[in-house]
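# Secondary and tertiary structure notes
Given next are the chains, with one letter for each unit.
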Amino acid sequence: MKRLEEIIPPTNNFNRHFLDLLRKIFVFDPKKRITAREALKHPWFTELVEDDGTEAGRIKLERDRVAQLDRIAERKRVVEEELAKIERDEAERERLIQEELERVSRYPRR
């Protein structure tokens, strides 16, 4: 079986962090293994990408792309919520205007 270093060469910080994270994930004893929460705080998740053509580099680029799409989707959701609120407010305003017009129209003109 190949060692991780043979598959992912520790030629830069990105790969070294990735190898460190994998070593902490692949610990057999669950008490000694890194938790998911700890793993997400690992430096590999904040490392800048150097595209060195390895799978680790492609994973980081894809993760960044997905994170960017998630941020865009969240912004879109917020904008849609605000637009829906504006539409509800406009509908309520129109309803109140109609009620007032109906009320006023009941009075005789002079």
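In this report, we go over the structure that sits alongside the text. Owing to the predicted nature of the structure, the values given are computational and were not obtained by experimental measurement. Every residue gets a number counted from 1 within its own chain, in the order that chain's sequence is written. The predicted nature of this model means local features are confined to residues of pLDDT at least 70 and side-chain atom pairs, given and counted, to a pLDDT of 80 or more, with totals for whole chains, interfaces and linings taken over all residues. Heavy atoms from the whole structure form the basis of all side-chain values; hydrogens and water molecules are not counted.

### Here's the deal with a nonpolar patch on the surface
Exposure above 30% relative accessible area and the lack of any salt bridge qualify a residue for a patch; like charges then connect within 9 Å, and the nonpolar side chains Val, Leu, Ile, Met, Phe, Trp and Tyr within 5 Å. Only the protein chains shown count as cover for residues, with accessible areas throughout obtained via the Shrake-Rupley method and a probe of 1.4 Å. Basic side-chain nitrogens of Lys or Arg form a salt bridge, by our definition, when they fall within 4 Å of a carboxyl oxygen of Asp or Glu. Taken together, the side chains of Val 79, Leu 83 and Ile 86 make up a nonpolar region of the molecular surface, amounting to roughly 270 Å² of accessible area. Looking at the secondary structure, you find Ile 86 in helix α4 (residues 55–105). Counting from the N terminus, the helices are DSSP H or I runs at least four residues long and the strands are E runs at least two residues long.

### What to know about helix α2 (residues 13–25)
Because an α-helix packs 3.6 residues into every turn, residues spaced three or four apart end up facing the same way. With 13 residues, α2 extends 18 Å between its outermost C-alpha atoms, agreeing within 8% with the 18 Å of an ideal straight helix rising 1.5 Å per residue. Residues count as neighbours in contact if any of their non-hydrogen atoms are within 4.5 Å of one another. Here the buried face of α2 lies against α1 (4–7), α3 (36–40) and α4. Polar contact criterion, stated in full: a pair of N or O atoms within 3.5 Å, where within protein one must be able to donate a hydrogen and the other to accept it, and residues adjacent in sequence count only if both atoms are side-chain atoms. Between the side-chain oxygen at the start of α2 and the backbone nitrogen of Phe 14 there is a gap of 3.2 Å, and the oxygen is on Asn 12. Helix span, expected: 1.5 Å multiplied by one less than the number of residues in the helix.

### Details of the side chain of Asn 12
Along the chain, Asn 12 turns up in the loop between α1 and α2. For Asn 12, a relative accessible area of 7% corresponds to the buried category. Polar side-chain contacts of Asn 12 include one of 2.7 Å to the backbone nitrogen of Asn 15. Only protein chains enter the accessibility calculation, which uses a 1.4 Å probe. A residue is then buried if its area is under 20% of the maximum for its type, exposed if over 50%, and partly exposed in between.

### Quick look at the environment of Glu 5
In this fold, Glu 5 is placed in helix α1. Looking at Glu 5, the relative accessible area reads 24%, which means it is partly exposed. As for Glu 5 and Asn 15, which are separated by ten residues in sequence, their C-alpha atoms are 9.2 Å apart.

### Structural notes on the packing of aromatic side chains
Classification of ring pairs uses Phe, Tyr and Trp, with its six-membered ring standing for Trp, and accepts pairs whose centres are within 6.5 Å; under 30 degrees between planes counts as stacked, over 60 as edge-to-face, and the remaining range as tilted. In this structure the tally under the stated criterion is three aromatic pairs. Look at Phe 14 and Trp 44: their rings are 5.5 Å apart centre to centre, the planes differ by 40°, and that puts the pair in the tilted class. Residue Phe 14 is found in helix α2, and its partner Trp 44 is found in the loop between α3 and α4; the two are separated by 30 residues along the sequence. Geometrically, the ring pair formed by Trp 44 and Phe 45 is edge-to-face, given 5.1 Å between the ring centres and 70° between the ring planes. Assessed through its relative accessible area of 3%, Trp 44 is described here as buried. Each member of the aromatic cluster is reached from another via a ring pair, and the members are Phe 14, Phe 18, Trp 44 and Phe 45. By the criterion adopted, a ring carries a charge over it if an Arg CZ or a Lys NZ lies within 6 Å of its centre and within 35 degrees of its normal. In this arrangement the basic side chain of Arg 63 is found over the ring face of Trp 44, its NZ or CZ atom lying 4.0 Å from the centre.

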